[in-house]
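Analysis of the macromolecular model
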Amino acid sequence: MLVLFETPAGFALFKVLDEGKLSSVEDLWKDFASSDNARKVVELKAFNKFENTSDALSAATLLIDSKPSKGLRKFLQKHCDGETLAVADSKLGNAIKEKLQIDCLHNSAVMELMRGLRNQLTELMSGLAEHDLGPMSLGLSHSLSRYKLKFSPEKVDTMIIQAIGLLDDLDKELNTYAMRVREWYGWHFPELTKIVADNIHYAKAVKMMGNRVNAVNLDFSEILPEEVEAELKEAAVISMGTEVNDLDLSNIRELCDQVLALSEYRAQLYDYLKSRMNTIAPNLTALVGELVGARLISHGGSLMNLAKQPGSTIQILGAEKALFRALKTKHATPKYGLIYHASLIGQAAPKHKGKISRSLAAKSALAIRYDALADGDDNSMGLESRIKLETRLRVLEGKELGRSAGSTKGKPKIEAYEKDRKGGGALITPAKTYNSAADLVLGQTTEETPKKSEVASKKRKHQEEEPTAEAAEEDGEQEKEKSKKKKKKSKDIEETPAAVTDASEKKKKKKSKEAEETPAADADGEKKKKKKKLDAEDAPMEIDVSAKKEKKKKKKHADE
C-alpha cells in the first residue's frame, strides 16, 4: 500500500512496509516516536517536486477543492500501478478513483499514519531539511491566502461596505462645510441665508458673486430660478451686512470650492455604489433601495453573514440599543431599524408601518439569501416581492377607507330577490314573525310566576328575621350591662357604713312583705314582661329607646 503525502515542496509517495501495524490504531504513534522506528514502518518511494511558487499555488488551490492537478495525475499514473493509495481527503480519493481507476483508502488508521509522517517528515526525506521546509510553508500559505482573498466572490461586498461608510462621512463633512460657509458669509450678506435654502446653490452663488455689490450686474439664471434671483438682487442693495475685504472673500470662495468638489465626488460615489449594489445584491436593491441595502450589508458585516440572519433580526437591525433598553425596562420592543428608511415603509400610514416593516423584512431575508447563494443575477424575485408588498399596502389602506365609509362587520346582508316566486316578488329567506311569547305583561299567570313569588316571600321572611336576631343580640348585651351594674352596686353597698346597710335591709323587708301580699300582681307583672319581649321582637327600635331611658334613670339613682 502507498501513502500520498502533500508537502510545500511537492508530493511524496511512501511505501508501507508493515501493513499489519495499521490494524492497531491506538499503538501506531509509538512506531513514529523515533526516526529509526518510523523507517521500519514506511519508506519513501517517489517524490514530485514543484517547479516554482505558482505551480505549488495552483496545486494547493486544486487540493482545497478536492481535485488532483495535472502533475499529480501523471505522478500517480507512473508509480501507482496495481497499488492501493491511502489519501488524507476522501473526496480527493473519489476523484482519483474516477479519473485514474486507482483504489483509494481513507480511514482512522490512515489519518494516524499521516500524523506520524508529518512528525518525522524531515527524517524520512533526506533532501528536505527542516530549515528549508518552514520558509516554503510560510510562503505558500501567504500566496494561498492572497489568492483566496483576491478571487473569493464573498469578499466583493467589502467594496459596498467601504463605499456606504465613505458616503455617510461625506454627508457629514458636506453639512459641516456648508454651515460654515453660511455662517462665514452671513456676516457680509445675512439675507442670502433665507433666500437660498439649498447648500450647493448657496455655495455656487457665493462663489460667483463674491462681494454683494456685484450681485446686481451678474446673471444667476443657471443657478437660481428667476423669482429667487430677483429677490437676491433686491436684498443685495439694502443688505445690513458688514463690509469685508478681498482676502476674506478669497478664503470664503476656496471653502465654496471644497463644498462643490465634495458634492461632485459624492455624486460619483453614489453612482458607483448603485452599480455595485445592482451587481451583487439586485433583489435586495429592488426591494429596499441602494442606500438601505448597502447599510444593511455594512451593519451585518457581509452579504453572507446577512443571509444567515432571520427576518426578525433584519427588521430591527440598527436598533440594538432600543431593543436591549426595551428588554431591560420591560417596555415594547422596536418595530424597525435601518429598514425604516425604505420607500415602502415611508409610503405606509403610521398605523401600518409595523405590519409593512415585518413583511418587508421577511421578503428582504429571502432576497438576501437568493443574492448570496443563487447563481442568477437578475432582480425578478425582488420586483415580484415589491409588487406583492405594494398590493398588501393598498389592501390595508382600502380596509381603512372601507371602515370609515361604513362597511363594518355589523353591516346588514343583502338578501336575494326572486321576482317569479308565488306569482309575485318575494324574498328567498322567510319573513320574520312577531314573537308574542317574549312579551312580559302585568297580571299574566304562568308557571314561572308562582315560583318567583315564592322566592320573593322567602327573601322577605329572611329580611324580617334578620332584625329580630339583631334585637335579640342587643337584649343580651343589655342584660350583661345590667348584671355588671348590679355587681358594682353590691360592691358599693359592702363599702358603705352600717347605717346604709340597715336602711337597705329595711327596704328589702318591706319589699318581701309587699311581694307576699300581692302574688297576683307579680303574675300580672310577669305577663307584662312577656308582652314587652314580644313587642321588642316586633319593634326593636322602641326597645332601644326604652332601654336607653332606663339606663339614664339608673345612672341618676346611682349618682344620688
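Residues numbered from 1 in each chain as written. Predicted model: local features only at pLDDT ≥ 70, side-chain atom pairs only at ≥ 80, totals over all residues. Heavy atoms only, no water.

- As annotated in an unreviewed UniProt entry, the protein is Nucleolar protein 58 from Triticum aestivum.
- According to its UniProt record, the protein has this under Function (unreviewed entry): "Required for pre-18S rRNA processing. May bind microtubules."
- One UniProt comment on the protein, placed under Subcellular location (unreviewed entry), says "Nucleus, Nucleolus". (UniProt positions renumbered as here; feature names shortened; annotations may be inferred.)

What about the overall build of the protein?
- When helices and strands are tallied, the protein shows 24 helices and seven strands.
- Every one of the 560 residues in the protein was classed for burial, and the buried ones make up 30%.
- Sequence separation of 24 or more characterises 63% of the internal contacts of the protein that already satisfy a separation of 6 or more.
- Of the roughly 38000 Å² of accessible surface on the protein, 53% is carried by carbon and sulfur atoms. (Helix = DSSP H or I, 4+ residues; strand = E, 2+ residues; numbered from the N terminus. Buried < 20%, exposed > 50% of the residue type's maximum accessible area, 1.4 Å probe, protein only. Contact = heavy atoms within 4.5 Å. Areas by Shrake-Rupley, 256 points an atom, 1.4 Å probe, with all protein chains shown as cover.)

Concerning the sheet that holds strand S1 (residues 2–6)
- Taken together, five strands build an open sheet; the order of strands is S3-S2-S1-S4-S5 and the sheet is mixed. Each edge of the open sheet is held by one strand with a lone partner, namely strand S3 (42–49) and strand S5 (104–105).
- In the sheet, S1 pairs with strand S4 (residues 85–86) via two bridges, with the strands oriented parallel. Residue pairing for S4: Val3 is matched across the bridge by Ala86.
- Each of S1, strand S2 (10–16), S3, S4 and S5 is contacted by helix H5 (residues 108–119), which is oriented at about 55° to S1, the strand it contacts most. (Pairing = 2+ DSSP bridges. Axes fitted to C-alpha atoms, helices over the stretch in contact; angles between N-to-C directions.)

Here's the deal with the state of the cysteines
- For the structure shown, the criterion picks out zero disulfides.
- Here Cys80 stays free of any disulfide, with the sulfur of Cys104 as its closest cysteine sulfur at 8.4 Å. (Disulfide = S-S within 2.5 Å.)

Some remarks on helix H10 (residues 199–209)
- Of the positions making up H10, those classed as buried are Tyr202, Ala203, Ala205, Val206 and Met209. Taken around the axis of H10, the buried residues stretch over an arc of 165°, which confines them to a single face.
- The elements touched by buried residues of H10 are helix H8 (157–186), helix H9 (192–195), helix H11 (226–237) and helix H12 (246–280).
- For H10, the N-terminal cap is Asp198; the gap from its side-chain oxygen to the backbone nitrogen of Ile200 is 3.2 Å.
- Positive backbone phi, approximately 70°, marks Gly210, located one or two places after H10. (Arc of directions from axis to C-beta. Polar contact = N/O pair within 3.5 Å; in protein donor to acceptor, adjacent residues only side chain to side chain.)

Some points on the pairing of S2
- Most of S2 sits inside the fold, with six of its seven residues counted as buried.
- Pairing between S1 and S2: five bridges, direction antiparallel. Each bridged residue has a counterpart across the sheet, and for Leu4 the counterpart in S2 is Leu13.
- Note: S2 against S3, seven bridges, orientation antiparallel. Its bridge partner lying in S3, Lys15 is registered against Glu43.

Remarks on the pattern of salt bridges
- Under the criterion given, the structure shown has 10 salt bridges.
- Residues Lys15 and Glu83 are paired through a salt bridge, measuring 3.5 Å at the closest nitrogen-oxygen approach. Taken together, the residues Lys15 in strand S2 and Glu83 in the loop between helix H3 (70–79) and S4 connect sequence positions 68 residues apart.
- The class of Glu83 is partly exposed, set by a relative accessible area of 22%.
- Its salt-bridge partner being Lys233, residue Glu229 comes within 3.3 Å of it at the nearest N-O pair. Within this pair, Glu229 and its partner Lys233 are both found in helix H11, separated by four residues, close to a single helical turn.
- Classification of Glu229 as buried rests on a relative accessible area of 10%.
- Judged by relative accessible area, which is 23%, Lys233 ranks as partly exposed. (Salt bridge = Lys/Arg side-chain N within 4 Å of Asp/Glu carboxyl O.)

Observations regarding the packing of aromatic side chains
- This structure, assessed with the given rule, holds two aromatic pairs.
- When the ring of Tyr336 is compared with that of Tyr340, the centres are 4.8 Å apart and the planes differ by 40°; the resulting orientation is tilted.
- On the basis of relative accessibility, which here comes to 35%, the residue Tyr340 falls in the partly exposed class.
- Across the ring face of Tyr202, the terminal group of Arg182 is positioned such that the distance to the ring centre comes to 4.5 Å. (Phe/Tyr/Trp six-rings, centres within 6.5 Å; stacked < 30°, edge-to-face > 60°. Lys NZ or Arg CZ within 6 Å of the ring centre and 35° of its normal.)

Some thoughts on a positive patch on the surface
- A surface patch of positive charge is lined by Lys335, Lys355, Arg358, Arg392 and Lys399.
- At the level of secondary structure, the elements contributing two or more residues to the positive patch comprise helix H19 (353–373) and helix H20 (380–405).
- The residue Lys335 is located in the loop between helix H17 (320–329) and helix H18 (343–347) in this model. (Patch = residues over 30% accessible without salt bridge, like charges linked within 9 Å, V, L, I, M, F, W, Y side chains within 5 Å. Lys, Arg positive; Asp, Glu negative; His and termini not counted. Charge placed at Lys NZ, Arg CZ, Asp CG, Glu CD.)

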